[in-house]
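Structure at a glance
Below are the chains, spelled out letter by letter.
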Amino acid sequence: MVNLARSPSLKIQYYLIRDITVMDIRRLDLNLLLLLDGLFKEQNLSAVARQLGMSQPMASAGLRKLREFFGDQLFLSTGRGMRPTPFAESIAGPVRTVLSTVDHHILRKPHFSPAESDRVFTITTTDIGVLIFIPPILQRIRAVAPNVSLRCVATSHEHLEDALERGEIDLAIGYFPDLIGPNIVTEDLFDHPFTCIARRDHPAIGDNLSLDQFLAADHIVVSQQGRSQEIFERRIRELKLQRRVVLHLPHFMSVPQLVATSDMIATVPFSLGAWYANAGLKLMPPPVSIPLIELKQHWHRRMDNEPAVRWLQSIVAEELRDRDPALAMSADYARSRAKAAALAAAIPPDGKSRYR
């Protein structure tokens, strides 16, 4: 404990601090700061009342409340108007700073200027998503916001919602069926088909893939929990079909090369097959009907009014909504889909081909 008797300077400071009146901001109507600031500028109560849309009695009552709160006259009537007291002059600058801060940083919504921004946006998507989603999005961004950049990250499904809430990730783009929390906002983009891929000179498979050929082939299967491949695997289980799976993989990117150099086949999102169609592969409609992959963009509700993230959402929607970029990759896509539709019409609900 400090001995004040042995520290004269501390003793003086103690008594000065003890005598300071601490004002409780909860007793101050902050709207009255507008009246105070107006008086600093105009030094005329009637003029300030008109500017603030107040009656003269209301302005007088406001000034009285300010005087009571601060314990100072603040302004005195003179032949040259209402002149501020020394105390009023000492708080004029801080009052103006407070009002300016409230006006610019609280009352005005944040503004985002793409052309001037150097923000780094963080997106989570799959390895296929990087191939399909990112090129049109990045091309659009580069055209209107040359200093903005993207960062693509992989995030586990169980941590994704928390990462969106914390702002670590701005958008999730792709197939995220478990991302359904009450604070998650979702926008549909487009539905995407599956395709079967095999090497072009496969000894047992021609341009069409029958159900018999499909079941007899050696398969590569991608095992990714919560990813689009679950749609296809679930459909196989529903139809009680038995395949010969010779290779399980954790991701898609090595599948095209493995298929192109072997007699194995794989069922993958169409975009992956289309991307590698010129690498010795052929694309064939699956011999069973498969639900489409519903691709969406997701963000956290707390970002609804964040201008930068809203801008990115609009870019994604404009580039991808109802526009599957993968469809432009294959000149044979329309013909392939026609074959798929015809084949699907020939497959009864049990999944057994009428052509067996």
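Everything below is about the structure shown above.
Residues numbered from 1 in each chain as written. Predicted model: local features only at pLDDT ≥ 70, side-chain atom pairs only at ≥ 80, totals over all residues. Heavy atoms only, no water.

1. A few points about the packing of helix α2 (residues 32-42) against helix α5 (residues 86-107)
Heads up, the condition is: Angular values range over 0 to 180 degrees, each being the angle between N-to-C directions of two axes fitted as lines to C-alpha atoms, with helices fitted over their stretch in contact. Numbered from the N terminus, helices here are DSSP runs of H or I no shorter than four residues, and strands are runs of E no shorter than two. To sort the angles, those under 35 degrees are grouped as roughly parallel, those over 145 as roughly antiparallel, those from 65 to 115 as roughly perpendicular, and the leftovers as oblique. Note on convention: near helix rotated counterclockwise from far helix by under a right angle means a left-handed crossing. Clockwise means right-handed. Residue contacts are defined here by distance: any two heavy atoms, one from each residue, within 4.5 Å place the two residues in contact. In this count, Pro and Cys sit with the nonpolar residues alongside Ala, Val, Leu, Ile, Met, Phe, Trp and Tyr, while Asp, Glu, Lys and Arg are called charged and the others, Gly among them, polar.
Relative to each other, α2 and α5 sit at 120 degrees, their axes nearing to 10 Å. One element, α2, and the other, α5, form an angle in the oblique class. Helix-helix and strand crossings are classified by hand; for α2 and α5 the assignment is left-handed. Residue-level inspection shows Leu33, Leu34, Leu36, Asp37, Phe40 and Lys41 of α2 in contact with α5, the latter providing Ala88, Ile91, Ala92, Val95, Arg96, Val98 and Leu99. Looking at the contact of α2 with α5 residue by residue, the classes come out as 10 nonpolar, no polar and three charged.

2. Thoughts on the side chain of Asp170
This is how it is decided: Polar contacts, as used here, are pairs of N or O atoms within 3.5 Å; protein pairs need one atom able to donate a hydrogen and one able to accept it. Residues neighboring in sequence count only if both atoms are side-chain atoms.
Note that Asp170 resides in the loop between α8 (157-166) and β5 (171-174). Polar side-chain contacts of Asp170 include one of 3.1 Å to the side chain of Arg119. Of note is the side chain of Asp170, whose polar atom sits 2.8 Å from the backbone nitrogen of Thr122. Those residues in contact with Asp170, other than ones at most four positions away along the chain, are Arg119, Val120, Phe121, Thr122, Leu164, His298, Trp299, Val309 and Leu312.

3. Comments concerning the packing of aromatic side chains
The following threshold applies: Each pair of aromatic rings taken from Phe, Tyr and Trp, with Trp reduced to its six-membered ring, is defined by centres within 6.5 Å and is described as stacked if the planes are under 30 degrees apart, edge-to-face if over 60, and tilted in the remaining cases. For each residue, the accessible area found with a 1.4 Å probe, counting protein chains only, is set against the maximum for its type, and the residue is called buried under 20%, exposed over 50%, and partly exposed in between.
Scanning the model with the defined rule gives nine aromatic pairs in all. Here Phe194 and Phe232 contribute two aromatic rings whose centre-to-centre distance is 6.1 Å and whose plane-to-plane angle is 40 degrees, an arrangement assigned as tilted. Taken together, the residues span a long stretch of sequence, with Phe194 in strand β7 (residues 194-199) and Phe232 in helix α10 (residues 229-238) at a distance of 38 residues. Across the pair, exposure class does not vary: Phe194 and Phe232 are buried alike.

4. Here's the deal with the sheet that holds β5
Let me state the cut-off plainly: For two strands to count as paired, DSSP must find a minimum of two bridges between them.
Taken in spatial order, the five strands of this open sheet run β4-β3-β5-β12-β6, and their pairing is mixed. Where the open sheet ends on each side, the last strands, each with one partner, are β4 (149-153) and β6 (184-192). Sheet twist, expressed as the mean angle between neighbouring strand axes with direction ignored, is 25 degrees. Here β6 runs beside strand β12 (residues 293-300); their pairing, made up of eight bridges, is antiparallel. Considered in β12, the bridge of His192 is made with Ile293.

5. Some thoughts on the sheet that holds strand β11 (residues 281-284)
Across a sheet, paired strands are connected by hydrogen bonds in the backbone, their directions being either parallel or antiparallel. If you walk across this open sheet you meet the five strands as β9-β8-β10-β7-β11, and the pairing is mixed. Either end of the sheet is taken by a strand with one partner, and the two such strands are β9 (244-249) and β11. Taken over all neighbouring pairs, the strand axes of this sheet differ in orientation by 35 degrees on average, direction set aside. For β7 and strand β10 (residues 265-269), the ladder comprises four bridges, and the chain directions are antiparallel. Paired with Thr195 across the two strands is Val268, which belongs to β10. Docked against the sheet, α10 engages β7, β8 (218-222) and β10, running at close to 125 degrees with respect to β10.

6. Some details on α5
Note the cut-off: Helix span, expected: 1.5 Å multiplied by one less than the number of residues in the helix. Here the bend at each residue means the angle between axes fitted to two seven-residue stretches, the one ending at that residue and the one beginning there.
Taking 1.5 Å of rise per residue, the 22 residues of α5 would be expected to cover 32 Å, and the 31 Å separating its terminal C-alpha atoms lies within 8% of that figure. At Ala92, α5 is deflected by roughly 35 degrees, the largest bend along its length, and proline Pro94 occurs up to four residues later in sequence. Considering only its buried residues, α5 is in contact with α2, α4 (56-70) and β2 (81-84).

7. Focus on unusual backbone geometry
Its identity is not glycine, yet Leu74 carries a phi of approximately 65 degrees, on the positive side. Checked against the element boundaries, Leu74 lands in the loop between α4 and β1 (75-78). The backbone of Asp322 shows a phi angle near 60 degrees, a positive value even though the residue is not glycine. Under the relative-accessibility criterion, Asp322 is labelled exposed at 69%.

8. Re the pairing of β1
Walk down a regular strand and you will see the side chains alternate between the two sheet faces. One ladder, built from four bridges, connects β1 with β2; its direction is antiparallel. The partner of Ser77 across the bridge, within β2, is Met82.

9. Observations regarding the nonpolar core
Applied cut-off: Residues grouped as a nonpolar core are buried Ala, Val, Leu, Ile, Met, Phe, Trp, Tyr and Cys residues, joined through side-chain atoms within 4.5 Å.
Residues Phe133, Ile137, Ile141, Ile173, Phe214, Val255 and Trp311 are the most contacted members of the largest nonpolar core, which totals 57 residues. Looking at which element gives the most residues to this core, the answer is helix α13 (residues 307-320), with six residues. Counting residues in hydrophobic clusters, the runner-up holds 23 residues, among them Leu45, Leu74, Phe75 and Ala88.

That's the geometry; what it means functionally is another story.
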